[in-house]
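A structural walkthrough
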Amino acid sequence: MSQSSAQKKLKELVNEYRVSLRAHKLLKLISRIPKEHRFRLVSAKPETALTEAAYRGHTKFCVTLLRSLPSCDRAKLVNGEGKSTAVHQAANRGHWKTLSAILSCLKTEEQLQLLFCQDESGETALHHAARDGNIDTVRALLGFLKPEQQLKLLSVQNKSHQSATQVAAEAQHMELEKILSKSQQKGLSFDCMTSKIR
C-alpha cells in the first residue's frame, strides 16, 4: 500500500469512525506506511488524519496514531507555525479530552510550543477555546502550564490584536471573559481545577 493510499484510507477511517474501531486495525494500517512517511499523517498541514480526527473528537484514534510514531516524528507537530494544528481543531470544537490526550503524547517543551503556536489568523488554541466558550477546554489547555506561562498565553494576541480574553468577550461568553480578565489584570493564574483565580 502506498503512502498516499494509506493516508486516504486513514482519512476514510476518521470519517467513518466508530467507537468499536479497534486500535489493532489502525496500527495494522499504519504499519503498512514506511516509518519515514508516517509523520505526514500528523503534520501541521490541513486535513491530515490527525487534524481531522481531532476536529471530530476521536481521542482514541488520535492517541493510537501518535503512539505509533517515533518521538522525533511526534515532535514535528510543533512546527505548525501559521497552521491550524490538531490542538487548534480540538479546541475549536470543545473536544478537551482529545486535546489533552494529544498534548499528553508530547514532551513538556513540545507541549509549550504547540500551546503557543499561532494559526494563520494568529490565534492559539486558547483563542479557539475562548471563542467556543467552553470552560472545560480552557481549563484543559491552561492545565498544561505553570502560572507564569498561563499569563503569557493569555496575553498572546491574534492578527486582530485580540487576546483570548477579548475573543471570549466578543463571543459574549461573559463568565469565561470575567474569569480570564480578572486573572490577567491581577497577575494571578487560572486555577484549572476550580475555574477560579488563584
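The text that follows walks through the structure, step by step, so that each part is easy to find. Within any chain, residue numbers begin from 1 and follow the written order of that chain's sequence. Only residues with pLDDT of 70 or above have their local features reported here, since the model is predicted, and side-chain atom pairs are shown and tallied only from 80 upward, although totals for entire chains, interfaces and linings are computed over all residues. Calculation of side-chain values draws on the structure's entire complement of heavy atoms; hydrogens and water are dropped beforehand.

Thoughts on the packing of helix α8 (residues 96-104) against helix α11 (residues 135-142)
Between the N-to-C directions of two axes lies an angle of 0 to 180 degrees, each axis being a line fitted to C-alpha atoms and, for a helix, fitted only over the stretch in contact. Here a helix means four or more residues in a row that DSSP labels H or I, a strand means two or more in a row labelled E, and each is numbered from the N terminus. Put simply, α8 and α11 touch, their axes get as near as 9 Å, and they point 10 degrees apart. Taken together, the axes of α8 and α11 are roughly parallel relative to one another. Contact residues: Trp96, Leu99, Ser100 and Leu103 in α8; Asp136, Thr137, Ala140 and Leu141 in α11. By the convention adopted, Pro, Cys, Tyr, Trp, Phe, Met, Ile, Leu, Val and Ala count as nonpolar, Lys, Arg, Asp and Glu as charged, and the other residues, Gly among them, as polar. Classifying every residue of the contact of α8 with α11 by side-chain character gives 5 nonpolar, 2 polar and 1 charged. Here roughly perpendicular refers to angles of 65 to 115 degrees, roughly parallel to angles under 35, roughly antiparallel to angles over 145, and oblique to all remaining angles. A contact between two residues is defined here by any heavy atoms of the two lying within 4.5 Å.

Description of the packing of aromatic side chains
Ring pairs shown here join Phe, Tyr and Trp side chains whose ring centres sit within 6.5 Å, with only the six-membered ring taken for Trp; geometry is labelled stacked below 30 degrees between planes, edge-to-face above 60, and tilted in between. Counted under the stated rule, the structure contains 0 aromatic pairs. Lying across the ring of Tyr55, Arg93 places its NZ or CZ 4.4 Å from the centre. For a lysine, the NZ atom is tested; for an arginine, the CZ atom; a charge sits over a ring if that atom is within 6 Å of the ring centre and within 35 degrees of the ring normal. The ring of Phe116 is capped by Lys152, whose NZ or CZ atom sits 5.5 Å from the centre of that ring.

Let's talk about helix α12 (residues 147-155)
A 1.4 Å probe rolled over the protein chains alone gives each residue an accessible area, and that area as a share of the maximum for its type sets the label: buried under 20%, exposed over 50%, partly exposed in between. Taken residue by residue, α12 has Gln149, Gln150, Leu153 and Leu154 as its buried positions. Looking straight down α12, one finds that the buried residues subtend no more than 140 degrees of arc, so they occupy a single side. Those residues of α12 that are exposed and angled more than 90 degrees off the buried face are Glu148 and Lys152. This arc corresponds to the set of directions leading from the helix axis out to the C-beta atoms.

What to know about the environment of Trp96
Looking at the element boundaries, Trp96 is found in helix α8. Considered as a pair, Trp96 and Ala54 are 42 residues apart in the sequence and their alpha carbons are 9.9 Å apart. What Trp96 contacts, discounting residues up to four positions off in sequence, is Asp136, Thr137 and Ala140.

Observations regarding the pattern of salt bridges
Side-chain pairs of opposite charge can arise where the charged atoms are in close proximity. Here, a salt bridge means any side-chain nitrogen of Lys or Arg that lies within 4 Å of a carboxyl oxygen of Asp or Glu. All told, the structure shown has 3 salt bridges when counted by the stated rule. Between Arg131 and Glu123 there is a salt bridge, with its nearest N and O atoms 2.7 Å apart. On the basis of relative accessibility, which here comes to 6%, the residue Glu123 falls in the buried class. Salt-bridge contacts for Asp136 lead to Arg139; the nearest nitrogen and oxygen are separated by 2.8 Å. Taken together, the positions of Asp136 and Arg139, both in helix α11 and 3 residues apart, correspond to about one turn of that helix. With a relative accessible area of 25%, Arg139 lands in the partly exposed category.

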